[in-house]
Structure formats: C-alpha cells, structure tokens
Amino acid sequence: MTPEQKLSALFAAEAPPARDYAFQVRIAQAIALRRAWMTVAALVPWGVASVAVLWALIPVVGPMTESLGPALEPAAAMLAGAAVTAVAALWLSRRFNGRSRKPFIAR
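Position labels on residues start from 1 in each chain and follow its written sequence. Thresholds applied to this predicted model are a pLDDT of at least 70 for local features of residues and 80 or more for the giving and counting of side-chain atom pairs; totals over whole chains, interfaces and linings are not thresholded and use all residues. The basis for every side-chain value is the complete set of non-hydrogen atoms in the structure, without hydrogens or water.

Enquirer: Quick rundown of the overall build of the protein chain? Include the residues and the values.
Expert: Within the protein chain, the regular secondary structure consists of 3 helices and 0 strands. Numbered from the N terminus, helices here are DSSP runs of H or I no shorter than four residues, and strands are runs of E no shorter than two. If you list the helices and strands of the protein chain from N to C, you get α-α-α. Summary of the burial criterion: residues with accessible area below 20% of their type's maximum are buried, those above 50% are exposed, and those between are partly exposed, where the area comes from a 1.4 Å probe applied to protein chains only. Split into buried and exposed, the 107 residues of the protein chain put 0% on the buried side.

Enquirer: Provide a residue-level description of helix H2 (residues 21-56), including the pertinent values.
Expert: Here H2 contains 36 residues, and its C-alpha end-to-end distance of 53 Å stays within 8% of the 52 Å for a straight helix at 1.5 Å per residue. Across the chain, bend at a residue is computed as the angle between axes fitted to the seven residues ending at that point and the seven starting from it. Helix geometry: H2 is bent most strongly at Val44, by close to 30°, with proline Pro45 lying one to four residues after it. To estimate how far a helix should extend, the number of its residues minus one is multiplied by 1.5 Å.

Enquirer: Could you give an account of helix H3 (residues 58-95), naming the residues involved and the relevant values?
Expert: Within an α-helix, residues lying three or four positions from one another point in the same direction, as the helix has 3.6 residues per turn. In this model H3 runs just 42 Å from its N-terminal to its C-terminal C-alpha over 38 residues, more than 12% under the 56 Å that 1.5 Å per residue would give. When the local axis directions of H3 are compared, the greatest deviation, roughly 60°, occurs at Gly69, which is followed within four positions by the proline Pro70. Counted residue by residue, H3 has 0 buried out of 38 residues, so it is predominantly exposed.

Enquirer: Report on a nonpolar patch on the surface, specifying residues and quantitative values.
Expert: Patch rule: a residue counts if its relative accessible area is over 30% and it has no salt bridge; like charges are joined within 9 Å, and nonpolar side chains (Val, Leu, Ile, Met, Phe, Trp, Tyr) within 5 Å. Each accessible area is a Shrake-Rupley estimate made with a 1.4 Å probe; only the visible protein chains count as cover when residues are assessed. For this document, the term salt bridge refers to a Lys or Arg side-chain nitrogen within 4 Å of an Asp or Glu carboxyl oxygen. A grouping of Val53, Leu54, Leu57, Val60, Val61, Met64, Leu68 and Leu72 is seen on the molecular surface, where their side chains present a nonpolar patch of about 700 Å² in accessible area. Listed by contribution, the elements that provide at least two residues to the nonpolar patch are H2 and H3. No other element matches H3, which puts 5 residues into the nonpolar patch.

Enquirer: Any details on the confidence of the model for the protein chain? Residues and values, ideally.
Expert: One number per residue, pLDDT, summarises how confident the predictor is, and it ranges from 0 to 100. Counting all residues, the mean pLDDT for the protein chain is 85, and 86% of those residues have values of 70 or more. When the elements of the protein chain are averaged for pLDDT, helix H1 (residues 3-13) gives the smallest value, 80, and H2 the largest, 94.

Following this line, the structure appears as structure tokens:
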C-alpha cells in the first residue's frame with residue numbers, strides 16, 4: 001500500500017457522517033410548531049383584555065346598536081362582501097401562481 005493510499009484510507013475513515021434530512025425536517029417542524037403555539041400563547045392576554053373591555057362597554061354600546069343597527073346593515077353587508085372577495089382573490093392568486101407549479105426540466 002502506497003503512502004497516498006494509506007493517507008486516503010485514513011481520511012476516508014474519518015469522513016463526517018451523512019446528513020439525516022428526515023431528522024432535520026422533523027426538528028424544523030417541531031420548532032415551527034413550538035413558535036406557532038408561543039405566538040398563540042402571547043396573544044391570549046390581549047384577547048382576555050379585549051373581551052373585558054368589550055364586556056365593560058355593553059351598557060354604553062347597547063342602546064346605540066338599537067338606533068344605529070338598521071342604518072349600518074348595508075355597510076356591514078358591503079364589508080362582508082369585500083372580505084369574501086379579498087379572501088377569494090388571495091386564494092386564487094396563490095392557486096394559480098407560477099411558483100406553485102413544478103418546474104419543467106428538459107431531458
């Protein structure tokens with residue numbers, strides 16, 4: 001065995017381990033799930049505070065809804081229609097976006 005072969009055999013024995021992509025994906029998913037739950041947990045105090053404020057405003061807002069309710073119904077219907085249109089436009093733009101298709105690879 002030549003010295004070059006001995007050296008290459010020594011370096012081959014100390015090669016770094018192969019990457020485990022499935023493990024990396026599972027770890028990335030776990031990190032993303034943890035971040036999502038932490039975001040939800042951070043929003044809980046804001047939700048509780050907003051519910052408390054709205055509950056405290058019921059005596060003030062209650063009488064106004066009886067008088068303004070019929071006048072605001074058309075505006076609420078238009079806002080609902082605009083929201084549905086915006087959601088549909090976003091969904092369609094993502095569905096038919098060119099990046100979502102698999103690229104064509106010439107062989």
